Amino acid sequence: MKIAVIVGMNSEAALLPPGIPVGAAGGVTRRVTELAERLLAEGAEGLMSFGIAGGLDPTFQSGDLVVGNAVQWEGETYVANPAWAARLLSSIPDARKGNIAAVSRIAATPEAKRALYQGGATAVDMESGAMARVCAQAGKPFAVLRAVADPALRGIPKSVFVGLSPDGSPRPLAVMGALLRRPWELPGVIRVGLDSQAALSALRDAVKIVGPTLGM
């Protein structure tokens, strides 16, 4: 079965096996929808949401892997393909299953994360929701494989918000400009960078295990 992948950042896309169609949405909901529809129209028979996520379960640490059972998005719950999720869980050591909360704006505070956790989700990202909705409308299977970057009790500095372009490429100069206005956020920005690297490293290892089929 031919699959394609939706990511938020180009750094996530770079971890995927060669030849897999991928769309980088930069966390923009409209772009996720457009990319998901295009990939299905081009022949993909299923989609995976892949990349880093925010932790909602307080027991998750940076680098922990999550396989989505379902995605909660705008009052709806979209169930991931059970067989695909089961293969991912059986293949990847220490991966944990859980519901994914999808948001259109970064869940930047512990309070925001706590509210999503109380709603039944264990991790949060900005791409899975729109992708899952497109798959549901098209009658196509989907899966979610995410690695926790920022844990539940850790907030995200505002300077990080400007760090990603809609095409998924980084904007380091924008982050530097934001830090000039909020220099006290520098330690937090460094922490986000370290957390993200731990998450990307975990995803890289997971891809080596599941191989070019990504578990499908």
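Rules used in this analysis
Throughout, a residue's number is its position along its own chain's written sequence, starting from 1. The predicted nature of this model means local features are confined to residues of pLDDT at least 70 and side-chain atom pairs, given and counted, to a pLDDT of 80 or more, with totals for whole chains, interfaces and linings taken over all residues. Calculated side-chain values reflect all of the structure's heavy atoms, with hydrogen atoms and water omitted. Burial status follows relative accessibility: with a 1.4 Å probe on protein chains alone, a residue under 20% of its type maximum counts as buried, one over 50% as exposed, and anything between as partly exposed. Where helices and strands are cited, they refer to DSSP runs of H or I of at least four residues and of E of at least two residues respectively, numbered from the N terminus. At least two bridges found by DSSP between two strands is the condition for calling them paired. Two N or O atoms count as a polar contact when they lie within 3.5 Å, although within protein this holds only if one can serve as hydrogen donor and the other as acceptor, and sequence-adjacent residues are included solely when both atoms are side-chain atoms. What makes two residues a contact is simply this: any of their non-hydrogen atoms within 4.5 Å.

Could you clarify how one ought to interpret the pairing of strand 3 (residues 46-55) in this entry?
The side chains of a regular strand alternate, first on one face of the sheet and then on the other. Here strand 3 lies mainly inside the structure; ten of its ten residues are buried. Of the pairings in the sheet, the one linking strand 1 (residues 3-7) to strand 3 comprises four bridges and is parallel in character. By the bridge assignment for strand 3, Ile-6 is matched with Ser-49. Judged from the seven bridges that link them, strand 3 and strand 8 (residues 142-148) form a sheet pairing that is parallel. The partner of Phe-50 across the bridge, within strand 8, is Leu-145. Pairing geometry for strand 3 and strand 7 (residues 123-125), over two bridges, is antiparallel. Its bridge partner being in strand 7, Gly-55 is matched across the sheet by Ala-123.

What exactly am I supposed to notice about the side chain of Ser-128 here?
Along the chain, Ser-128 turns up in helix 5 (residues 128-138). At 2.6 Å, the side chain of Ser-128 and the side chain of Asp-125 are in polar contact. When residues no more than four places from it in sequence are discounted, the contact partners of Ser-128 are Ser-49, Val-71, Ile-100, Ala-102, Val-144 and Arg-146.

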